[in-house]
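Architecture and fold: a report
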Amino acid sequence: FPAQEEDVDVDMDVDTDSDTPAPPVARPDLPEDLGIEPATTPEQAVLNMRNSLLSGDEDAFVSCFAVDEHGDQMLRAMFGMVGVMQDFSEKVKAAFGEDGAAILAAQADPFAELAAIVPEDLVITGSEDGESATCVLVGSDMDEMPLVKKDGLWLIAVPEDEAPTAEDVEQALKMVEVMSN
């Protein structure tokens, strides 16, 4: 026999006045304070990058970097990929429970290392002129992050030899589209 439907009250009120985008998937394991502050230090620039990515704020994430138009587009595509990967991870865990969590534990969690970043783990070395710096995360496999100071604020720099081209951006956008379907 088919199951009978029950009347269920669902609160459909949605706050459409909020300027803060929600993260792709709720993350109860995030640090409590994910604020973005003016990056007056290299450490704050790195923490802003972490906070904006973890909180799902794409514009704030992109604003942490010193990039051109192609770099902006590539960062937005990367942001989309991370959201899709996190959504997939949550769906696997929901569908397969502990087995799914075990499978995913063997994979790299794009959020785990970022969520664990604290100021004490950041080693910053600066240049003589005080306009550039390098950040290394202690105990991490992450690459060094070059930083530059522009208009009094610190930004994460993308080395020229790693700057994306229009073709790179096009491929990344296609990947996001494929991953989303």
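Above: the structure in question.
The next point concerns the overall build of the protein chain. Regarding its fold elements, the protein chain presents 5 helices and 5 strands. Sequence-ordered secondary structure for the protein chain, helices as α and strands as β, is α-α-β-α-α-β-β-β-β-α. The burial tally for the protein chain puts 32% of its 181 residues in the buried class. Sequence separation of at least 24 residues holds for 52% of the intrachain contacts in the protein chain that already meet a minimum separation of 6. Summing over all exposed atoms, the protein chain offers an accessible surface of approximately 12200 Å²; the carbon and sulfur share of this is 52%.

Positive phi, close to 55°, is recorded for D151, a residue that is not glycine. The residue D151 is located in the loop between strand 4 (145–150) and strand 5 (153–157) in this model.

Turning our attention to the nonpolar core. Soluble globular proteins: nonpolar side chains tend toward being buried together. V46, M49, F61, F65, L122 and L147 are the most contacted members of the largest nonpolar core, which totals 22 residues. Going through the elements one at a time, helix 1 (42–55), helix 2 (58–62), helix 3 (69–105), strand 3 (132–137), strand 4 and strand 5 are the ones with two or more residues in this core. Of all the elements, helix 1 adds the most residues to this core, at 5 residues. Sequence-distant contacts of L147, defined by excluding residues within four places in its chain, comprise P42, A45, V46, E131, S132, A133, T134, C135, W154, L155, I156 and A157. Residues M74, M81, V169 and V176 belong to the second largest nonpolar core, which totals 6 residues.

It is possible for side chains of opposite charge to pair when their charged atoms get near one another. Under the criterion given, the structure shown has 4 salt bridges. A salt bridge links R76 to D59; the nearest nitrogen and oxygen atoms lie 2.9 Å apart. You can see R76 sitting in helix 3 and its partner D59 sitting in helix 2, a full 17 residues away along the chain. Under the relative-accessibility criterion, R76 is labelled partly exposed at 28%. Judged by its relative accessible area of 53%, D59 falls in the exposed class. Through salt bridges with shared partners, a single network forms among E58, D59, D72 and R76.

Conventions adopted
All chains use their own residue numbering, which begins from 1 and follows the written sequence. Local features are withheld for residues below a pLDDT of 70 in this predicted model, meaning they are given only at 70 or higher, and side-chain atom pairs are given and counted only at 80 or more; totals for whole chains, interfaces and linings count all residues. Excluded from the side-chain calculation are hydrogens and water; included are all heavy atoms of the structure. Segments assigned H or I by DSSP are reported as helices when at least four residues long, segments assigned E as strands when at least two residues long, and all are numbered from the N terminus. Working definition: with a 1.4 Å probe on protein chains only, accessible area under 20% of the residue-type maximum means buried, over 50% means exposed, and in between means partly exposed. Contact definition: two residues touch when any of their heavy atoms are within 4.5 Å. Computed with a 1.4 Å probe, the accessible areas rest on the Shrake-Rupley method; for each residue, only the protein chains presented here act as cover. Residues belong to a common nonpolar core when they are buried Ala, Val, Leu, Ile, Met, Phe, Trp, Tyr or Cys residues joined through side-chain atoms within 4.5 Å. By definition here, a salt bridge exists when the distance from a side-chain nitrogen of Lys or Arg to a carboxyl oxygen of Asp or Glu is within 4 Å.

Read these as geometric descriptors, not functional statements.
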